[in-house]
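# Architecture at a glance
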Amino acid sequence: MYAVTGGRTAPSGGLAIEALVSSATSMRLGMAYTREYRAISELCRQVRSVAEVSALLRVPLGVARVLVADMEAEGLVRVYQPQLKAGLPDMSLLERVLSGLRRL
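All of these numbers come straight from a predicted model, not from anything done at the bench.

Running from N to C, helix H2 (residues 35-43) and helix H4 (residues 61-73) cross one another at 80°; their axes reach a closest spacing of 11 Å. Here H2 is positioned roughly perpendicular relative to H4, judged by the angle of their axes. Along the contact surface, H2 presents Glu36, Tyr37, Ile40 and Ser41, while H4 presents Leu67, Val68, Asp70 and Met71. Here the contact of H2 with H4 is composed, by residue class, of five nonpolar, one polar and two charged.

Structure (structure tokens):
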């Protein structure tokens, strides 16, 4: 994983683990992209959280965050960050996260 992320352990910008990710293209990524990029693009045809991407790819959360942030910078995925009010998370968001964890 060190080689995949270039030794980085955190994305350059803030990327919440509950941020939602969707593929920005309807086409499959070609062989010019890494295996991890292609896998994330396929997974995110359905909207998924960064935590789900990490779990489904079986990679550490830090690696998933770096890869998703890099892919967003290249325009390969869209990221929807949660909106916080006064620095506090939305209760409905917390309930959805808890519900998703229970389904796992």
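And the narrative resumes.
Let's shift gears to a nonpolar patch on the surface. On the surface, Leu20, Val47 and Tyr80 cluster together into a nonpolar patch covering about 270 Å² of accessible area. Summarising the element assignment, tyrosine 80 is placed in strand S3 (residues 77-80).

Moving on: the nonpolar core. Ranked by internal contacts, the top residues of the largest apolar core, which has 19 residues, are Leu15, Val21, Ile40, Val68, Met71, Val77 and Val79. Look past the residues within four positions of isoleucine 40 in its chain and what remains in contact with it is Val53, Leu57, Leu67, Val68, Met71 and Val77.

Our next topic: H2. An α-helical turn contains 3.6 residues, so a residue and the one three or four places further along point in the same direction. Residues Glu36, Tyr37, Ile40, Ser41 and Leu43 constitute the buried set of H2. The buried residues of H2 occupy an angular sector of 165° when the element is viewed end-on, so they sit on one face.

Further remarks concern the packing of aromatic side chains. As enumerated under the stated definition, the model contains one aromatic pair in all. Each ring, one from tyrosine 33 and one from tyrosine 37, has its centre 6.5 Å from the other, and the planes form 25°; the classification is stacked. Exposure remark for tyrosine 33: the relative accessible area of 30% places this residue in the partly exposed category.

Checked against the element boundaries, arginine 35 lands in helix H2. Arginine 35 sits in the exposed class, given a relative accessible area of 61%. A polar contact of 3.3 Å, which involves the side chain of arginine 35, links it to the side chain of glutamate 36.

Turning our eyes to something else, we now look at the pairing of strand S1 (residues 20-23). Every regular strand shows the same layout, with side chains that alternate between the two sheet faces. Two strands pair when backbone bridges link them, and S1 and strand S2 (residues 48-49) are joined in this way by two bridges, in the antiparallel orientation. By the bridge assignment, leucine 20 is partnered in S2 with serine 49. For S1 and S3, the ladder comprises four bridges, and the chain directions are antiparallel. Note that in S3 the partner of leucine 20 across the bridge is tyrosine 80.

Reading the values: the criteria
- Residues numbered from 1 in each chain as written.
- Predicted model: local features only at pLDDT ≥ 70, side-chain atom pairs only at ≥ 80, totals over all residues.
- Heavy atoms only, no water.
- Axes fitted to C-alpha atoms, helices over the stretch in contact; angles between N-to-C directions.
- Helix = DSSP H or I, 4+ residues; strand = E, 2+ residues; numbered from the N terminus.
- Parallel < 35°, antiparallel > 145°, perpendicular 65-115°, else oblique.
- Contact = heavy atoms within 4.5 Å.
- Nonpolar A, V, L, I, M, F, W, Y, C, P; charged D, E, K, R; others polar.
- Patch = residues over 30% accessible without salt bridge, like charges linked within 9 Å, V, L, I, M, F, W, Y side chains within 5 Å.
- Areas by Shrake-Rupley, 256 points an atom, 1.4 Å probe, with all protein chains shown as cover.
- Salt bridge = Lys/Arg side-chain N within 4 Å of Asp/Glu carboxyl O.
- Core = buried A, V, L, I, M, F, W, Y, C linked by side-chain atoms within 4.5 Å.
- Buried < 20%, exposed > 50% of the residue type's maximum accessible area, 1.4 Å probe, protein only.
- Arc of directions from axis to C-beta.
- Phe/Tyr/Trp six-rings, centres within 6.5 Å; stacked < 30°, edge-to-face > 60°.
- Polar contact = N/O pair within 3.5 Å; in protein donor to acceptor, adjacent residues only side chain to side chain.
- Pairing = 2+ DSSP bridges.

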